[in-house]
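# Structure assessment
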Amino acid sequence: MKLSSFGEKFAGDSGIVGLMDDLGNALRENPDMIMMGGGNPGRLPQMEAVFRRRLDAVLGDPPQRHRLFGRYQSPQGDHDFRACVAEFLSVQYGWKLGAGNIAIANGSQPAFFTLFNMLAGAMPGEHPPEHPGEPAGGSRRIHLPLTPEYLGYADAGLTEGFFSATRPAIDLLDDHLFKYRVDFGRLELDGGVAALCVSRPTNPTGNVLTDDEVAHLDHLARERGIPLIIDGAYGAPFPNIQFTAARPHWNENTILVLSLSKLGLPGVRTGIVVAREEIAHAFANANGILSLASGNLGPAVTLELFRTGEILDLAREVVQPFYQARARAALDEFRERLAGLPFRIHQPEGAFFLWLWFEGLPIGSQVLYQRLKQRGVLVVPGHHCFFGLDDDWPHRHECIRVSYVQDEEAVRRGIGLIAEEVARAYGAIIPRRSGLQESSP
Ligand code: PLP
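Let me sum up the structure you'll find in this document.

This part is about the site of the ligand. The ligand sits among G107, S108, Q109, Y150, N203, D231, A233, Y234, S259, S261, K262 and R269. Between the ligand and S108 there is a distance of 2.7 Å, counted from an oxygen atom to a side-chain nitrogen or oxygen. Here an oxygen atom of the ligand sits 2.8 Å away from a polar atom, N or O, in the side chain of Y234. Burial of the ligand by the protein chains amounts to 93% of its free accessible area of 400 Å².

Put into structure tokens, the structure is as follows:
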């Protein structure tokens, strides 16, 4: 098969695809594998009951059922659902939104693909290029003001050099914690930057950019006439997996991308783009070409939850407390198991991962990942999350991302195995619950 340039990039084996395959195949290779690598949300019976109730109501009503199964919606999404989401967000935050500001996508992942490539990559120009094959208007890129970032963005660009990133400042905190901050002193935005993008809360770190950081980024973006893209896959108002006070941000220069996935609906594939009308409309045009229409299931199941505001209560009273309790338990367990080792954990402020930093880790995150996999626990090696950063910062090989949404006993076992392998990597002996033991398996 002769692949096009597009085919080579998107159908080939990129590092990220290899990692995803590895994560996907792991359970088949070892059915007892402790899955602390993936991005699946936890199972919350209360949420499942609500989704079931809503689905039963839709299925029991022939007009609604027909709307779910029997109709293409417009490429921008069902008007009633968009109007309802716009009203919900306007009431919550005072944003001036109508249905025209909302566009629906088949998950936020493809929404990012479309948005990124709509804004960055080869630019059209008024004059023919100086050299054949070069884009007439040069090329632009998406800039990540704080790296590490969501590795699902890494391969989303149609062109090479699609991302650039700024290394963060690091605050060392008590109790083995640390926190990344946007290093505004380092953040240089030249004319090649098409947009800024941040996930808030951040996958992989669990960081939540402060209101001041967001205001500063908003100011910089507006000054340069480029959009600020905020990925709210884990944020407020839903799923609200956020443990610090942080105000959601939107204005006409912001593209906020929300998702139903982490609420417990990753299988329905619904992403929600909130943007000024011009952008939402442009996005919908592209979505029409790529998808024809977006799926109806997510809107059908959640329309009433938005209309009544129930989604807010569920996010605050069911979803957020579940993850916050899990984060605390995992943090305590790591602190106990890693005692005596040079470890730090990013302050858990949201999302459902702990981001561990092992300073001076002699084996690097890739080897640690492989050893952990052999021991039966799957994590994400952190170096994949530093794409766009072109300096060789040792820190990028010293971190791993660990999800804590699996059942608690499995998470505890996983943490024990991670602690053993980290101790082995440092050539150390760590205390275990049953007393002092040699760390190697
Ligand atoms: N953004 C972030 C930060 C994520 O972690 C994910 C998935 O894990 C996505 C976007 C994509 O989610 P979805 O396509 O399910 O909406």
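Anyway, onward from the coordinates.
Let us look at helix α8 (residues 277–291). For α8, with 15 residues, the first-to-last C-alpha span of 20 Å sits near the 21 Å given by 1.5 Å per residue. Of all the positions in α8, only I279, A280, F283, A284, N287 and G288 are classed as buried. Where the residues of α8 are buried, they touch β2 (102–105), α6 (108–119), β10 (254–259) and β11 (271–274). Looking one or two residues past α8, L292 carries a phi angle of roughly 65°, positive in sign.

Next up on the list: the packing of aromatic side chains. Working definition: an aromatic ring pair is given by the centre-to-centre distance plus the angle between the planes. Summed over all chains, the structure comprises 23 aromatic pairs. Sitting above the plane of the F10 ring, K9 keeps its charged end 5.2 Å from the centroid.

Here we take up the side chain of R401. Structurally, R401 can be placed in strand β16 (residues 399–403). Here R401 sits buried without a salt bridge, and the closest side chain of opposite charge, E149, lies 9.6 Å off (N-O distance). At a separation of 2.8 Å, a polar atom in the side chain of R401 contacts the side chain of N203. Apart from the residues within four sequence positions on either side, R401 is in contact with M36, G37, G38, G39, N203, P204, F353, L354, W355, V379 and V380.

For the largest pocket, the calculated volume is near 910 Å³. It is α6 that contributes the most residues to the lining of the largest pocket, 5 residues altogether. Approximately 250 Å³ is the volume found for the second largest pocket. If you trace the second largest pocket, you find 14 residues lining it, with Q64, R67, D78, A300 and L303 closest to the centre.

Calculation notes
- Residues numbered from 1 in each chain as written.
- Predicted model: local features only at pLDDT ≥ 70, side-chain atom pairs only at ≥ 80, totals over all residues.
- Heavy atoms only, no water.
- Near = heavy atom within 4 Å.
- Polar contact = N/O pair within 3.5 Å; in protein donor to acceptor, adjacent residues only side chain to side chain.
- Areas by Shrake-Rupley, 256 points an atom, 1.4 Å probe, with all protein chains shown as cover.
- Helix = DSSP H or I, 4+ residues; strand = E, 2+ residues; numbered from the N terminus.
- Expected span 1.5 Å × (residues − 1).
- Buried < 20%, exposed > 50% of the residue type's maximum accessible area, 1.4 Å probe, protein only.
- Contact = heavy atoms within 4.5 Å.
- Phe/Tyr/Trp six-rings, centres within 6.5 Å; stacked < 30°, edge-to-face > 60°.
- Lys NZ or Arg CZ within 6 Å of the ring centre and 35° of its normal.
- Lys, Arg positive; Asp, Glu negative; His and termini not counted.
- Salt bridge = Lys/Arg side-chain N within 4 Å of Asp/Glu carboxyl O.
- 1 Å grid on protein atoms, 1.4 Å probe; cavity = no way out; pocket = protein on both sides within 12 Å on 5 of 7 lines; lining within 4 Å.
- Points joined across faces, edges and corners; volume = space filled by probe spheres on them.

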